[in-house]
Amino acid sequence: MPGGERDPVFVGRASELAQLGAVLARADAGKPAVVLITGEAGIGKSRLVGAFTTASRAAGARILVGHCIRLGGDEVAYLPFVELLRALAADAKPAELLAILGPGRADFGRLVPELPADRGGGEDETSALSRARLFERFLDAAERLGRDATTILVIEDLHWADTATRDLLLFLVGGVRRGRLLLLLTCRSEELLPGRPALELVQLLGRLDVVERMELGPLSREDLGAQLEALRGAPVPGPVVERIARRSGGNPMFAEELLAAGEGSGGSALTVALRDLLLTRLSALSPAAREVLRLAAVAGERVDDGFLAATEQLPPDRLVDGLREAIEQGILVRAPGDSALRFRHALLQEVAYDELLPAERRRLHAVIARALAAQPGSAVSPAELAHHWTSAEEPANALPALVEAAQAAEYAFAFEEAARLYQRALAIWDAVPYADDRVGLDRVGLLQRASEACSLAGDHPRAVQLASEALAGVDPEADPTVAARIHGRLRWSLWQSGDVPSALADAQRAVELVAGEPPSALRANALGQFAGLLHMTGRLAESERLAEEALAVARAAGAVAETALALGVRGLDRVAAGRIEPGLEDVRASLEMAIELGLPGPMALAYSRYAALLEEVGRWEAALAAAEAGLEAARRMGLERTFGTRLRATAAAALMSLGRWQEAEVMTRAGLALLGPGAEGARLLLERARLEIGRGETRAARLHLEAATASGLDPAGPDPAIATLAGVELALAEGRLADALSAAAAGLAAGAGRGLWRGRLRALGSQAAADAMREARTARHAARLAEARAAAETLARDAAAELRRLAAAGIEEAAVLSEQIQLERARTDGRATARRWSRLADRWAALGLPADEAYARYRAGEAGLARAGGRAAAGDELRRAAALLAPVAQGPLATAVADLARRARIELDAAGASETSGAGGPAASDDIGTRLGLTPREREVLALVAEGHSNREIAERLFISPKTASVHVSNILGKLNVDGRVEAAGIAVRLGLAEGPEPQR
């Protein structure tokens, strides 16, 4: 190999470069894009990115690069984003840098101390809210970065990304919607194995529309030959190319290493395994170079030569000679503009590290740790230091480093890393004498920090274990305050783990521990939290009593936040008990206090709670206004993509109820695009599914329903009722009446929801029961008819008392729902007249709920057509229904209206016309039917004959007289030249003119 540092050779990949160029063109036009490049180690991912970014930089694009690195399980939180920020600081002018960082300077300064930042504080930096704010800051900075110039952000080696980096990356990719931005990601395909975080990350990225996947395959023989020729600087004989191509499998790195190891130059034969290949490459170096590489392998994939000198493991001359040889042989490389050295391939570093003896590893890790500890504090990563002390198996030094690293992770809102580090500290606690003196915490305190970090990371079962262990170390008699605080934290994790009885017991114990204390914020908080749990478990009277006590204690202690908490819980209790106005007033007051406090989390939560309560009592316009005000506040606070998801869901539900379907489409689509880590997306997914059901997009709706269930429904809120409601709506839209009826019955039996959501579920179940009775009667299926009739009667009976109570509390929609349920029951035996349905439609219209009005007018038209002389009025009702449903003209209700009008020969105006042929019979353009001489009406009659209907039933379905139906049947038998209805039905089914009758079950 010629002397000097070897640059990577880039050949081939013309189609990949063209694809990246096309994506960059779209990004340059203002449409952000993401390309995920995967492939095995050494396949050329980084080389492709390097070639592309070099050309792009020459064309004027800004290139910023960050790397994920592996530290034996002690990954540095947000490391690639820290590198991106540092690269930006080096690339941008000071004024430009300040403009890009914007209001996030303080947050970024905590991650990268050398950045210009305001050092103000005062906020709780260990809260999930602060983590959400950090994510928002990155997103805002990214969009500003791409505002004035095309920018390419590169993140290499996603398979080593820490949890915090994965969360932030998903948030950015899902949220960025403007700017001239291209994000290039690389990941090893061999790391995409079941159970690996890398696989989950790639799967999640693959679900986002903005992400394109590029899998790099092996080089062709021609490209591999060109690579080898460029590396050697002379033509390579064909047989050598063939051997290297065969042994490398077309992997350019493997081919390069085979050539460097002597393949084709008389060198000794090497094994096929890459490890043997790389070991051979390393063993060919001088002892000095091997010593340098062993030290560098322990230090990490990227090292600074000055730092290696600071370890004092090698004499200066020997270190310089070893480094020079490692660089000349291409083992270590220095990136342009980067003072750090890195292994050319991560596998080289891994192999060099694996070859060390265990004792040698421990010694070198200790050496690296001491060298790091000797550096200025701002230049040392606590996680890196903790990794080396832990690997050196020196617990006395590892313990404080682990705790410091965990606290740094908390400070950066990386709670999973913090939880893991705290638990590693706990694992070695007993091995360290006077451990509490070393870390400034006793073991109980460390357990509390670990439990809280686990809770914030969502690992509630582990949080319960740690908090329980902390409680075991506290004497509640001697220190009731500490015990009460631990019980308070334990309460939340128990609830989130599904252990409701234990959560209640712990909340109660927290109250008991501070019962004898004078008024304090802690006591008010314990009372308020216990009251909240009682509310969520339906013990409303007890909850309200405790909320009153919490309110008195909070006011006496001057605790404003706890006062707002108590007011909010009391308001929830009052609304649930039917005292609507007092309850809403409490929640409004809680919201006003939260706004006055200026705390983003409580404020956004209060807006969400207030909007949800207005939704619960059917005040849709007010609910929409509150949700929109909350969204605006969330935008100002940088929380649109976190707390805003529930507000968007409430707003979407209100918009659909008010018939503003296009606005609901925009609201849900924007919300789903902004979903990120920490967002509660289940309710938003449910509302999106209901929107799609209303528009007839059942496949998409089913996917969103499944996603909502997988993301976790809130059992204490309306989620279960809405999920059941959406499931029933989907079953009805797909004609699965039995499924719809059973789903509604199961949901009601399980106690899903309350208030109007439960009332609407009863109304939808009643609709399914009525339709099921009609279907069973047509099929002459006595058992199914009896089942449907019993379900209808039960629904009507149980709904009466429930909705009567809501109506008495002033919820007008409850009274209208009650009337609709009674009409559904009456519909099964002909007592639901067109006039009654029309009056119901007028009541829905008075409430401003057009979708409900359209349904009632559809039933009014149906009932009118079944009565002599009702055709004209029925036509008016159907036209009004079609007009109301114009925004969802392809939805199931609009299709049913159009089908009914077609069968009755009623013309709808353009707004109500449906493009579907409906379920009444074959389309008029059916060529087979035309060749047989059948008229459109005869084809409709034949379809009903094939379903097994009698002449009277055909007459009822098509709104004609039995005599006219008989004439049509006779004409059909003649045109088909058959003797009876059975033979005619068979011909119709065989020719595809109709479907056969449903088998009886």
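Before reading on, note that the structure itself is shown above.
Worth saying up front: this structure is predicted, and the values here are computed from it rather than measured.

So, on to a nonpolar patch on the surface. Taken together, the side chains of Val 560, Leu 597 and Leu 599 define a hydrophobic patch exposed on the protein surface, amounting to about 210 Å² of accessible area. Turning to its location among the elements, Val 560 is positioned in helix H28 (residues 560–576).

Evaluated as defined, the whole model comprises 6 aromatic pairs. Aromatic side chains Phe 135 and Phe 171 sit 5.5 Å apart centroid to centroid with 50° between the ring planes, which places their arrangement in the tilted category. With Phe 135 in helix H6 (residues 128–148) and Phe 171 in helix H7 (residues 163–175), this pair connects stretches of sequence that are 36 residues apart. The burial state of Phe 135 is the same as that of Phe 171; both residues are buried. Aromatic pair Trp 837 and Tyr 855: ring centres 6.1 Å apart, planes at 85°, arrangement edge-to-face. Of this pair, Trp 837 sits in helix H41 (residues 834–847) while Tyr 855 is found in helix H42 (residues 850–865), placing the two residues 18 residues apart along the sequence. You can call Tyr 855 buried: its relative accessible area is 8%. Put simply, the rings of Tyr 78, Phe 135 and Phe 171 pair up and form one aromatic cluster.

What the rule picks out here adds up to 0 disulfides. As a non-bridged cysteine, Cys 68 has Cys 187 as the owner of its nearest cysteine sulfur, 9.1 Å distant. A residue is classified by how much of its surface remains accessible, and Cys 68, at 2% relative accessible area, is buried.

Attention shifts here to the nonpolar core. Most often, soluble globular proteins have nonpolar side chains that are buried together. Core analysis: the biggest nonpolar cluster contains 157 residues, and Tyr 78, Phe 138, Ile 155, Leu 158, Leu 169, Leu 185 and Leu 205 have the highest contact counts within it. Ignoring anything within four residues of it in the chain, the contact list for Ile 155 reads Gly 66, Cys 68, Pro 80, Phe 81, Leu 84, Leu 169, Leu 183, Leu 184, Leu 185 and Thr 186.

A few words now on the sheet that holds strand E6 (residues 302–303). If you trace the 3 strands from one edge of the open sheet to the other, you get E6-E8-E7, paired in antiparallel fashion. Strand pairing shows two members of the sheet lacking a second neighbour, E6 and strand E7 (332–334), which therefore form its edges. Pairing geometry for E6 and strand E8 (residues 341–343), over 2 bridges, is antiparallel. Across the sheet, residue Arg 302 finds its bridge partner in E8, namely Arg 342. Strand contacts of helix H15 (residues 316–328): E7 and E8, with the helix running at about 85° to E7, the strand carrying the most contacts.

Using the criterion set out here, one finds 65 salt bridges in the structure. Two residues, Glu 242 and Arg 221, come together in a salt bridge whose shortest N-O distance is 2.4 Å. With Glu 242 in helix H10 (residues 238–248) and Arg 221 in helix H9 (residues 221–232), the pair connects residues that are 21 residues apart, well separated along the chain. Accessibility expressed as a relative area gives 35% for Arg 221, which makes it partly exposed. Notably, a salt bridge pairs Arg 370 with Glu 394, separated by 3.3 Å at the nearest N-O pair. With Arg 370 in helix H17 (residues 358–373) and Glu 394 in the loop between helix H18 (382–391) and helix H19 (395–411), this pair connects stretches of sequence that are 24 residues apart. What emerges from the salt-bridge pattern is a single network uniting Glu 544, Glu 548, Arg 570, Arg 574, Arg 579 and Asp 586.

Conventions adopted
Residues numbered from 1 in each chain as written. Predicted model: local features only at pLDDT ≥ 70, side-chain atom pairs only at ≥ 80, totals over all residues. Heavy atoms only, no water. Patch = residues over 30% accessible without salt bridge, like charges linked within 9 Å, V, L, I, M, F, W, Y side chains within 5 Å. Areas by Shrake-Rupley, 256 points an atom, 1.4 Å probe, with all protein chains shown as cover. Salt bridge = Lys/Arg side-chain N within 4 Å of Asp/Glu carboxyl O. Helix = DSSP H or I, 4+ residues; strand = E, 2+ residues; numbered from the N terminus. Phe/Tyr/Trp six-rings, centres within 6.5 Å; stacked < 30°, edge-to-face > 60°. Buried < 20%, exposed > 50% of the residue type's maximum accessible area, 1.4 Å probe, protein only. Disulfide = S-S within 2.5 Å. Core = buried A, V, L, I, M, F, W, Y, C linked by side-chain atoms within 4.5 Å. Contact = heavy atoms within 4.5 Å. Pairing = 2+ DSSP bridges. Axes fitted to C-alpha atoms, helices over the stretch in contact; angles between N-to-C directions.

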